[in-house]
Amino acid sequence: RSVADKAAWTMAMASTPAMICSSRGMLSACGRIGKASACVRTGTRNAKMETLGSPAHRSCRRAFSTAKGGEYDLAVVGGGIVGLATAREILARNPGLRLAVLEKESEVGFHQTGHNSGVIHAGIYYPPGSLKAKLCVEGLDLTYKYCDEHKIPYKKCGKLIVAVNDSELDGLEALYKRGVANGVKDMTFMSREEFTKIEPHCKGVRAIFSPHTGIVDWGLVARHYAQDVAAAGGSVLLSHEVDAVTSAGGSSEYANGVQLKCVNGATVTAANVVFCAGAYADRLARKSGGEADPMIVPVRGEYLELDESQHHLVNSLIYPVPDPSVPFLGVHFTPTMGSVATGQTPQVLIGPNAVVAFAREGYSWSHINLRDLAEAASFPGLWRLGLKHFSFGIGEMYRSLYLPAQMAEINKYIPAIKLEHVRRGRAGVRAQAMDRMGTLVDDFVFDEDCPRPLLHVRNSPSPGATSSLAIGNMIAEKAAGRFNLAK
């Protein structure tokens, strides 16, 4: 598998259609889609000319959207995969609309999009009738179709959900019924004799196999979404962190539009704004008159990486039967496609755990942001959650700090993995929405109880990436009605 994975990863690196060029101190990431020149703008200055995915240095013509002077019909705040999917869908429905995506980082999809495990989920785990279930099942088909059309490498490696002993069989049966209710395709129950043909090194008594679950580089997918936006005439403004949301022209209730003031000194004015701000969704909602709840509490998930010499021990995704008494899923095993953005080759990830981070971008214990920490510590919901799951939280912290403590959970599934076979790997930070009672908000939440020119995506949990195209469709529908856009 490793040879094929590396070949696919190398092909993706070589074919990434993004180029970076500088023009009068303004860095522009330009790419070609058909005959359209796609362009991404940033406030970074004096950048050297380079080409992503190729050693050759090229020049390219500067090509921007038709919008000028920082004035737009619609702005999308947040250049993660949900914001980009929303922007591309709105532009597809409204050709010629002056639209801008504002992203705080110097590249799109940097945080949750670029730090997840890369799974294309089938929709088994989510409560029937929830938006998570509906949008995930719909999004899986849309994702594979999009990847095929844009020649983005992926693998349908399948997922095994394994009951390690008889006490988990009822939970496994309940998961199967949930998947059927959600419309998940082609699930099958497997005996130990059957599932060990797929995973010969995995322990367990019975499993569900989902053949359509897969893996992809979501960061690469997000870059393609950004290119779609730019090719349709939109602008992707990098290094544009929104710091203030005010009414344009000093009018009341945003009668003259919305003014977005950025940390880099830029001001963008738009008639309407959709906020897809991820870890900062609650702050930007409050700045524009929204409710405090739900609040975003950062939860870090830390992965281990399996040594390359042991990759043969894991062929597919191996997931657990969830324990309903704890708020997070638990250890699972995930092959990856690698990353074009970071240059990382395909890995097998183990984890993640779940610990409260000390910063909304806190990818390690040493990363502390005093404002973020104080905000989380003063929120009563976090204390209520912590008291309810005190033992679980202490255990997660212990396993985070002491690597050998994780081996017992790992060996429940694959006894052949030894301590010397694993190393600390990547981490991601989940923007976990929570109410004041300590209840985790576990579905997509859209805040429309705000001034008319605004629409907030307050919570976009996993499987947000898998669901991104479906979410984009839903938000575009909401925007059409709320902002009187043509469909």
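As shown above, the structure is provided for reference.
Here the structure is a predicted model, which is why all the values come from computation and not from measurement.

## Description of the packing of helix α2 (residues 81-93) against helix α6 (residues 218-231)
Reasoning step 1: The contact between α2 and α6 brings their axes to 9 Å, and the two run at 30°. With respect to each other, α2 and α6 are oriented roughly parallel. The two elements α2 and α6 meet at a crossing, and its hand is left-handed. Of the residues in α6, those touching α2 at I81, L84, A85, A87, R88 and L91 are W218, V221, A222, Y225, A226, D228 and V229.
Reasoning step 2: Here the contact of α2 with α6 is composed, by residue class, of 11 nonpolar, no polar and 2 charged.

## Describing the side chain of T334
Reasoning step 1: Residue placement: T334 occurs in strand β19 (residues 332-335).
Reasoning step 2: Of the residues examined, T334 reaches a relative accessible area of 0% and is grouped as buried.
Reasoning step 3: The contacts of T334, once residues within four sequence positions are left out, are S117, V119, L317, Y319, Q347, V348 and L349.

## Focus on the packing of aromatic side chains
Reasoning step 1: Here the structure, examined in full by the defined rule, presents 8 aromatic pairs.
Reasoning step 2: When the ring of Y146 is compared with that of Y225, the centres are 5.1 Å apart and the planes differ by 80°; the resulting orientation is edge-to-face. Of this pair, Y146 sits in helix α3 (residues 131-150) while Y225 is found in helix α6, placing the two residues 79 residues apart along the sequence. The residues Y146 and Y225 share a single accessibility class, namely buried.
Reasoning step 3: Note on F333 and Y413: the rings are 6.0 Å apart at their centroids and 65° apart in plane angle, and the pair reads as edge-to-face. With F333 in strand β19 and Y413 in helix α11 (residues 407-413), this pair connects stretches of sequence that are 80 residues apart.
Reasoning step 4: The ring centre of F189 lies 4.1 Å from the NZ or CZ of R206, which sits over that ring.
Reasoning step 5: Taking NZ or CZ as reference, R300 lies 4.8 Å from the ring centre of W365, over its face.

Calculation criteria
Residues numbered from 1 in each chain as written. Predicted model: local features only at pLDDT ≥ 70, side-chain atom pairs only at ≥ 80, totals over all residues. Heavy atoms only, no water. Axes fitted to C-alpha atoms, helices over the stretch in contact; angles between N-to-C directions. Helix = DSSP H or I, 4+ residues; strand = E, 2+ residues; numbered from the N terminus. Parallel < 35°, antiparallel > 145°, perpendicular 65-115°, else oblique. Left-handed = near helix turned anticlockwise from the far one by under 90°. Contact = heavy atoms within 4.5 Å. Nonpolar A, V, L, I, M, F, W, Y, C, P; charged D, E, K, R; others polar. Buried < 20%, exposed > 50% of the residue type's maximum accessible area, 1.4 Å probe, protein only. Phe/Tyr/Trp six-rings, centres within 6.5 Å; stacked < 30°, edge-to-face > 60°. Lys NZ or Arg CZ within 6 Å of the ring centre and 35° of its normal.

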